[in-house]
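Structure at a glance
One letter stands for each residue in the lines below.
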Amino acid sequence: MRKRFISLLVALCMMAALLPASAVSAFAETAGVEISNPDDPTGKYTYTLYDNGTAALTKYEGINAVVPAQVEQGGNTYTVTVIGQDAFTSGSVWRDNTKLQSVQLPDTVQVIKGWAFQNCVNLSSIDLPEGLISIGESAFEGTGLIKVRVPDSVTAELVHGTFQGCGKLEEAYLSDEIKKIEKMFINCKNLKSVRLPEHLETIEFYSFSYCESLQTITIPAGVTSIANNTFEGCSSLETIYY
């Protein structure tokens, strides 16, 4: 069986080598084609374009980003629906980005992938679009955000430090449709006000650990599980309404 599998694999490789260049190119495009627009006055944007007419912003270099709803390439229009992993990070070992100050996202964005804005320390505000569906791991970790509102269109779980280490964050409003949070606000030392989702069911480990300015919090009635160390290090916490 193993010999037959290897023979088949070799035969497929030989067939691929005989394909015309145009066929190979067409296959590559299904995985995405990367383009850049270095002449944009608001910064350098790099996108990956897909055959289904969508685009992902994969890299930005600049100070004040204005992400367009659509990009043009080769006579075709692509809708920007994804902010890619590490898109706004510096690329250094620690991902620190001290240049970025503001970001405008279009309503077409549905997904913000992990670490997209990690350690953008001077990013103080961002309006998350109403059509947003999911936010990835540590997407805003270590940013300079002061307030954040996660729209009700977000239905995916918020896990693994979405806003971890946002030392300037004071207020947070979370989508009512989120049912589980985990490691959300670790070390958000200035966090004073949190509005938790109405449909929240589970609060996992370290969600509010070391939120030293948090004095009160209201747990929604539907919550059935709260991890033991959820409020570890919350030295100012006086009242939990449940």
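Heads up: these notes are all about the structure in this document. Being a predicted model, the structure only gives us computed values, none of them experimental. Every chain is numbered on its own, with residues counted from 1 as its sequence reads. Reporting in this predicted model follows two pLDDT cut-offs: at least 70 for local features of residues, and 80 or more for side-chain atom pairs to be given and counted; totals over whole chains, interfaces and linings ignore these cut-offs and use all residues. As a convention, hydrogens and water are excluded, and side-chain values are obtained from all of the structure's heavy atoms.

On to the overall build of the protein. Scanning the protein for helices and strands turns up two helices and 17 strands. Think of it in three bands: residues with accessible area under 20% of the maximum for their type are buried, residues over 50% are exposed, and the middle band is partly exposed, with areas taken using a 1.4 Å probe on protein chains only. Looking at the protein residue by residue over its 242 residues, the buried ones come to 40%. The criterion used for residue contact is that any of the two residues' heavy atoms lie within 4.5 Å. For the protein, long-range pairs separated by at least 24 residues make up 30% of all intrachain contacts whose partners lie at least 6 apart in sequence. Working definition: helices are DSSP H or I runs of at least four residues, strands are E runs of at least two. Numbering for both runs from the N terminus.

Now for the nonpolar core. Counting 58 residues, the largest nonpolar core has F88, I112, F117, F185 and F208 as its most contacted members. Put simply, the parts of the chain that give this core at least two residues each are β2 (44-49), β3 (54-61) and β6 (76-83). If we ignore the near neighbours within four places in the chain, the residues touching F185 are F163, L169, A172, L174, L191, V194, S207, F208, S209 and C211. Here, nonpolar core refers to any group of buried Ala, Val, Leu, Ile, Met, Phe, Trp, Tyr and Cys residues whose side-chain atoms link them within 4.5 Å.

What follows covers the sheet that holds strand β14 (residues 202-203). Note on pairing: two strands pair once DSSP finds at least 2 bridges between them. Ordered by their spatial adjacency, three strands build an open sheet running β12-β14-β16, and the pairing between neighbours is parallel. A strand with exactly one partner marks an edge of an open sheet, and here the two such strands are β12 (180-181) and β16 (225-226).

Within the secondary structure, T230 sits in the loop between β16 and β17 (239-241). For T230, a relative accessible area of 0% puts it in the buried group. As used in this structure description, the phrase polar contact means that two N or O atoms lie within 3.5 Å; if the pair is within protein, one of them must be able to donate a hydrogen and the other to accept it, and residues adjacent in sequence are counted only when both atoms belong to side chains. For T230, the side chain forms a polar contact with the main-chain oxygen of A227, separated by 2.8 Å. The contacts of T230, once residues within four sequence positions are left out, are I203, E204, Y206, S207, F208 and S209.

Two joining distances apply to patches: 9 Å for like charges and 5 Å for nonpolar side chains (Val, Leu, Ile, Met, Phe, Trp, Tyr), and every residue must have over 30% relative accessible area and no salt bridge. Areas reported here follow the Shrake-Rupley algorithm with a probe of radius 1.4 Å; residue values treat only the protein chains shown as occluding. Only one rule defines a salt bridge in this text: a Lys or Arg side-chain nitrogen within 4 Å of an Asp or Glu carboxyl oxygen. A cluster of nonpolar side chains, contributed by I226, I240 and Y242, occupies part of the molecular surface with about 300 Å² of accessible area. The exposure class of I226 is partly exposed, given its relative accessible area of 31%.

Moving on to the layout of surface pockets. A 1.4 Å probe that fits into a set of points on a 1 Å grid over the protein atoms alone but cannot get out defines a cavity; an open set with protein on both sides within 12 Å along at least five of seven lines defines a pocket, and lining residues are those with an atom within 4 Å of a point. Grid points are joined across faces, edges and corners, and a volume is the space filled by probe spheres set on the points. Here the largest pocket defines a volume of roughly 170 Å³. Around the largest pocket, the lining residues are K59, Y60, E61, G62, T89, S90, D96, N97, T98 and K99. Residue composition of the lining of the largest pocket, grouped by class: one nonpolar, five polar and four charged. Following the grouping adopted for this structure description, the nonpolar residues are Ala, Val, Leu, Ile, Met, Phe, Trp, Tyr, Cys and Pro, the charged ones are Asp, Glu, Lys and Arg, and the polar ones are all others, Gly among them.

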